[in-house]
Amino acid sequence: MTGATSGLGTHAIRHIAAQPGIRFMTGARGSGRTVPPGVEIIPLDLASLTSVREFADRVKKQFGDARIYILILNAGMQNASNDLRSADGYELTFAVNHLAHYLLARLLMPRMADRGRLVITTSETHDPAVTPIAPHLYAPSVLIGKITNS
Ligand SMILES: NC(=O)c1ccc[n+]([C@@H]2O[C@H](COP(=O)([O-])OP(=O)(O)OC[C@H]3O[C@@H](n4cnc5c(N)ncnc54)[C@H](OP(=O)(O)O)[C@@H]3O)[C@@H](O)[C@H]2O)c1
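For the structure given in this document, a descriptive report is provided here. (Residues numbered from 1 in each chain as written. Predicted model: local features only at pLDDT ≥ 70, side-chain atom pairs only at ≥ 80, totals over all residues. Heavy atoms only, no water.)

## Side note on the site of the ligand
Then comes step 1: Taken together, 20 residues surround the ligand, and among them T5, S6, L8, R29 and R33 come closest.
Then comes step 2: Between the ligand and the protein, one listed contact pairs an oxygen atom with a side-chain N or O atom of T5 at 2.5 Å.
Then comes step 3: Note that an oxygen atom of the ligand is positioned 2.7 Å from one of the backbone N or O atoms of L8.
Then comes step 4: Its free accessible area being 890 Å², the ligand has 72% of it covered by the protein chains. (Near = heavy atom within 4 Å. Polar contact = N/O pair within 3.5 Å; in protein donor to acceptor, adjacent residues only side chain to side chain. Areas by Shrake-Rupley, 256 points an atom, 1.4 Å probe, with all protein chains shown as cover.)

The following block contains the structure:
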């Protein structure tokens, strides 16, 4: 699970980790948060695709031949302008919420169990009809950091 250290994730992790027979791993960026006892933490900063790849490698190594039954992509952030960039130069909200999670899902998909579940927490924020803020106001070229907003 990503985003288990705050908000909705904190509540979800309490319920899921309390189930018998569960091995629970979460990616966290070391911001001093706490997780329930027994939950394994692996460093993950979704603002860096290198960190995503390192996280996926460590999950695979620690799981060995075991399968992933549920992959929960819950972490998210929201920046109302396009002035922040990820380590790779992409608009930060787009990079964290979409690119990093897409890459993570692709990297871990081969380790999913048959009939395993991919759970994605999303938001109406992406919908211009609901919330008129970034990143949908920006052209793809802006989101990938090549030119400034015009
Ligand atoms: N709250 C709402 O009203 C609402 C409404 C619609 C949708 N959602 C969606 O629900 C999900 C959870 O929302 P929430 O309100 O519970 O959020 P939150 O309390 O702000 O928690 C966000 C989580 O994402 C993690 N995160 C953020 N940036 C990260 C990064 N660069 N690398 C690794 N982890 C990162 C945070 O880690 P740290 O502990 O390190 O900060 C935290 O665990 C999000 O996807 C959000 O879009 C929320």
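Moving on from the model shown.
## Comments concerning the pattern of salt bridges
Then comes step 1: A full pass over the atoms with the stated rule returns 1 salt bridge.
Then comes step 2: A salt bridge links R23 to E40; the shortest N-O distance between them is 2.7 Å. With R23 in the loop between helix 1 (7-17) and strand 1 (25-28) and E40 in strand 2 (residues 40-43), the pair connects residues that are 17 residues apart, well separated along the chain.
Then comes step 3: Here R23 falls in the partly exposed class, since its relative accessible area comes to 42%.
Then comes step 4: For E40, a relative accessible area of 21% corresponds to the partly exposed category. (Salt bridge = Lys/Arg side-chain N within 4 Å of Asp/Glu carboxyl O. Helix = DSSP H or I, 4+ residues; strand = E, 2+ residues; numbered from the N terminus. Buried < 20%, exposed > 50% of the residue type's maximum accessible area, 1.4 Å probe, protein only.)

## A look at helix 3 (residues 92-108)
Then comes step 1: Between its first and last C-alpha atoms helix 3 spans 22 Å; for 17 residues at 1.5 Å apiece the expected length is 24 Å, and the two agree.
Then comes step 2: Of all the bends in helix 3, the largest measures some 25° and sits at L99.
Then comes step 3: Burial analysis of helix 3 places 12 of its 17 residues in the buried class, the great majority of the element.
Then comes step 4: Of the positions making up helix 3, those classed as buried are L92, T93, F94, A95, V96, A100, H101, L103, L104, A105, L107 and L108.
Then comes step 5: Buried positions along helix 3 lie against helix 2 (49-63), strand 3 (68-73), strand 4 (112-120) and helix 4 (140-143).
Then comes step 6: Sitting at the amino-terminal end of helix 3 is E91, which places a side-chain oxygen 3.1 Å from the backbone nitrogen of T93. (Expected span 1.5 Å × (residues − 1). Bend = angle between axes of the 7 residues up to and from the residue. Contact = heavy atoms within 4.5 Å.)

Shape is all these values report; function is a separate question.
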